[in-house]
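# Residue-level structure breakdown
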Amino acid sequence: MTREERIEYTKLRVETAYKTYQAARVLSQNGFWNSAVNRLYYAVFYAVNALLVSREIYTNSHGGIRTQFSKNFIKTKKLDKKYGKLLVQLYDWRQKGDYENLFDFSEESVNQLFDPVQEMLSTIEKEILNAR
């Protein structure tokens, strides 16, 4: 990817992250807790992917994204470790909500995720912009 392509890709991925976050809001307002968790995970996933690509770090899997994010941003203390923990929690919760048929998240458990996710998206967006 050229520099210009990376900039355009990261811009689109960040926009997608925010749209996906808004979709999670709509789902939660209608009581679709598992689906809201899914969308919150993907909002963070898209933002982290954008951040990695902005630094020319490419992965092929969800596990690769978690590993590279931790290695390049959490362990180096470029970003607070709470963001690494949030990514892992959302991944685990998405897996649980998507694949455990008899499990449903609650309003309380889901609604407490919105502020941290919004903060993480904003922090990642700033990190991307500061590196250009």
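A brief structural summary.

The rules behind the values
- Residues numbered from 1 in each chain as written.
- Predicted model: local features only at pLDDT ≥ 70, side-chain atom pairs only at ≥ 80, totals over all residues.
- Heavy atoms only, no water.
- Phe/Tyr/Trp six-rings, centres within 6.5 Å; stacked < 30°, edge-to-face > 60°.
- Helix = DSSP H or I, 4+ residues; strand = E, 2+ residues; numbered from the N terminus.
- Buried < 20%, exposed > 50% of the residue type's maximum accessible area, 1.4 Å probe, protein only.
- Lys NZ or Arg CZ within 6 Å of the ring centre and 35° of its normal.
- Axes fitted to C-alpha atoms, helices over the stretch in contact; angles between N-to-C directions.
- Parallel < 35°, antiparallel > 145°, perpendicular 65-115°, else oblique.
- Left-handed = near helix turned anticlockwise from the far one by under 90°.
- Contact = heavy atoms within 4.5 Å.
- Nonpolar A, V, L, I, M, F, W, Y, C, P; charged D, E, K, R; others polar.

### What to know about the packing of aromatic side chains
- Applying the stated criterion across every chain yields a total of 10 aromatic pairs.
- A centroid spacing of 5.7 Å and a plane angle of 75° characterise the contact between Tyr 21 and Phe 114, whose relative ring orientation is edge-to-face. Remark: Phe 114 occurs in helix H6 (residues 114–130) and Tyr 21 occurs in helix H1 (residues 3–29); sequence separation between them is 93 residues. In this pair, the class of Tyr 21 matches that of Phe 114, namely buried.
- The ring of Tyr 91 has Arg 66 lying over it, and the distance from NZ or CZ to the ring centre is 3.9 Å.

### Things to note about the packing of helix H2 (residues 33–54) against helix H4 (residues 81–99)
- Where H2 meets H4, the axes come as close as 9 Å, and the angle between the chain directions of the two elements is 140°. Taken together, the axes of H2 and H4 lie oblique to each other. By crossing handedness, the relation of H2 to H4 is classed as left-handed. Residues Asn 34, Val 37, Asn 38, Leu 40, Tyr 41, Tyr 42, Val 44 and Val 48 of H2 form the contact with H4, whose own contacting residues are Leu 87, Leu 90, Tyr 91, Trp 93, Arg 94, Gly 97 and Asp 98.
- Here the contact of H2 with H4 is composed, by residue class, of 10 nonpolar, three polar and two charged.

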